[in-house]
Amino acid sequence: MTLLRNAAVVRPNEVIADGWVLTSGDRIVAFGSSADEVPGSGEVADSTSETFDLGGAYLVPGFVDMHVHGGGGASFTTGDPQEALRAIEFHRSHGTTTNIASGVTAAISDLEKQVSELAGLVEDGQLAGLHLEGPFLSAVRCGAHDPALLRAPELPVLDQLVAAGRGTIRMVTLAPELPGGLDAVKWLADHGIIAAVGHTDAAAPDARSALNRGASVATHLFNAMRGLQHRDPTAANALLSDTEAILELVNDGFHVDPSLISLVFKMVGAGRVALITDAVSAAGMPDGPYRLGPLDIEVADGVARLTDSDALAGSTMTMDVAFRRAVQVIGLPIEQASLAASLTPARAIGVDDRVGSIEVGKIADLVVLDPELRVSAVMSRGAWVGDAKLPKPVNVS
Ligand SMILES: [Zn+2]
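A quick note: this is a predicted structure, and the numbers were derived from the prediction, not measured.

Student: Could you clarify how one ought to interpret the pairing of strand 21 (residues 375-380) in this entry?
Tutor: Within strand 21, 5 of the 6 residues are buried, which leaves it mostly tucked inside the rest of the structure. One ladder, built from 4 bridges, connects strand 20 (residues 366-369) with strand 21; its direction is antiparallel. Within strand 21, the residue paired with L366 across the bridge is M379. Counted between consecutive antiparallel strands, the loop separating strand 20 from strand 21 contains 5 residues, among which L373 sits at a positive phi close to 65°. In terms of strand pairing, strand 21 meets strand 22 (residues 383-384) through 2 bridges, oriented antiparallel. Bridging from a neighbouring strand, S380 pairs with A383 of strand 22.

Student: What should I look at first to understand unusual backbone geometry in this one?
Tutor: Comment: phi is negative for the bulk of residues other than glycine, and the bulk of peptide bonds are trans. In this structure, P135 follows G134 across a cis peptide bond, with omega equal to 15°. Mapped onto the fold, P135 is located in the loop between strand 11 (130-133) and helix 4 (155-164). Backbone geometry at H199 places phi at a positive 45°, although glycine is not the residue there. Examined against the element boundaries, H199 turns out to sit in the loop between strand 13 (194-197) and helix 6 (204-212). Not every positive phi belongs to a glycine, and R381 is a case in point at roughly 50°. Mapping R381 onto the fold places it in the loop between strand 21 and strand 22. With a relative accessible area of 39%, R381 lands in the partly exposed category.

Student: Honestly, the coordination of the zinc ion in this entry has me stumped. Any pointers?
Tutor: The reference angle at a metal is 109.5 degrees if four donors form a tetrahedron and 90 or 180 degrees if six donors form an octahedron. In the first shell of the zinc ion, the protein supplies H67 (NE2), H69 (NE2), E133 (OE) and D278 (OD), at 2.0 to 2.2 Å from the metal. Coordination geometry of the zinc ion: the 4 donor atoms subtend angles of 86 to 173° at the metal centre, consistent with an arrangement described as irregular. Donor residues for the zinc ion sit on one chain with the sequence pattern H-x1-H-x63-E-x144-D. Remark: E133 occurs in strand 11 and H69 occurs in the loop between strand 6 (63-65) and strand 7 (70-71); sequence separation between them is 64 residues. In this structure, H69 and E133 share a single accessibility class: buried.

Student: Mind showing me how you'd approach the packing of aromatic side chains here?
Tutor: The full count for this structure, using the stated rule, is 2 aromatic pairs. With a centroid separation of 5.2 Å and an interplanar angle of 80°, the aromatic rings of F52 and W384 are classed as edge-to-face. Of the two residues, F52 is situated in strand 4 (residues 50-53) and W384 in strand 22; the sequence distance between them amounts to 332 residues. Grouping residues by exposure puts F52 and W384 together as buried. Residues F63 and F323 carry aromatic rings whose centres are separated by 5.4 Å and whose planes lie at 35° to one another, so their mutual orientation is tilted.

Student: Could you clarify how one ought to interpret the environment of A215 in this entry?
Tutor: By the secondary structure assignment, A215 is in the loop between helix 6 and strand 14 (217-218). Separated by 29 residues in the primary sequence, A215 and K186 place their C-alpha atoms 7.8 Å from one another. Those residues in contact with A215 that lie beyond four places of it in its chain are V185, A195, V197 and A210.

Student: Just to check I follow, could you spell out a nonpolar patch on the surface for this structure?
Tutor: A cluster of nonpolar side chains, namely L228, L263 and M267, defines an oily patch on the protein surface of about 260 Å² accessible area. For L228, the location among the structural elements is in the loop between strand 14 and helix 7 (235-241). A relative accessible area of 38% places L228 in the partly exposed class.

Calculation rules
- Residues numbered from 1 in each chain as written.
- Predicted model: local features only at pLDDT ≥ 70, side-chain atom pairs only at ≥ 80, totals over all residues.
- Heavy atoms only, no water.
- Buried < 20%, exposed > 50% of the residue type's maximum accessible area, 1.4 Å probe, protein only.
- Helix = DSSP H or I, 4+ residues; strand = E, 2+ residues; numbered from the N terminus.
- Pairing = 2+ DSSP bridges.
- Donors = N, O, S within 2.8 Å, 3.2 Å for Na, K, Ca; no water.
- Tetrahedral: all angles 85-135°; square planar, octahedral: opposite > 155°, others 65-115°.
- Phe/Tyr/Trp six-rings, centres within 6.5 Å; stacked < 30°, edge-to-face > 60°.
- Contact = heavy atoms within 4.5 Å.
- Patch = residues over 30% accessible without salt bridge, like charges linked within 9 Å, V, L, I, M, F, W, Y side chains within 5 Å.
- Areas by Shrake-Rupley, 256 points an atom, 1.4 Å probe, with all protein chains shown as cover.
- Salt bridge = Lys/Arg side-chain N within 4 Å of Asp/Glu carboxyl O.

Listed below in structure tokens is the structure:
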């Protein structure tokens, strides 16, 4: 057992000052405040192998990133499992303990190969699933996707890709206004796969039709779609005014102005906002040239753009930055930022029964944050990640 004590424990609707969390194996088995009895005497002490005094640091649930293409110089879009593991480890060191691997538009045969090769990492529990971002996207809202490889969704092609992924494809981003788009949304929903509305030029009616047919996520709201309009309602209007759809936001300061992010939280609450990184391999790396799937990108001052246009090409952010900005720039209470960085995305991708919050019985995925909300240590499945930043164990007296 491991006892983490003297922490500000961040839960969905509260922060337990001077709290503690007890883990056993890969699970959280108890938590409480100092007013409750801290384990450390009698029976519990005998089986408590280690105690860590966190010195008042914040303890938040591990971050859940439902939209990420790579990081630390490694990319999911090559389909190489060893490279994918490096990206997972890079993000884990920044507090992301659960993530989906996102692809980008490519030829169907290449995507089949990628998903079949990455499926093993989902089956091994390293990834929470795979996300196809493309090729069923709008040519006029394609962002950093190769326009030559875009296509309208066809059910046999979807079926082929899902089969190649052996059931590990968890989410597909598509533009519902494309021919066959709404049928594809229904087919995905019927197969238990998240249909995400994104890279779309749809007006509100097509987006609403997609929501009515089972679409449940907005892929990076506002980016690669029409903006909010007061007289000519857009997909963004429809997604925001829906009562259930989870809205992804890239909170890096470049993709969406903080004033609008703040407004979205005020409108729909943190229970419907999923902070994502949309990170590319350049996250955590120096400026310079990188690849995003089949396209060349260039990173300057930490901003990734296509080499031959101004289009943003994902971010170089990590989830700890998205979380910290949510508190320090957007001004959210820490428990609301934590919801949007962990429990809401966990709910969106259907893993909230296991991860996303500090609850008895959930997996011991935890992040220790200093008063400036910088990561000081990460616990994944009950084990500290890396060894450089471990909090000092203290003797139980
Ligand atoms: Zn993306």
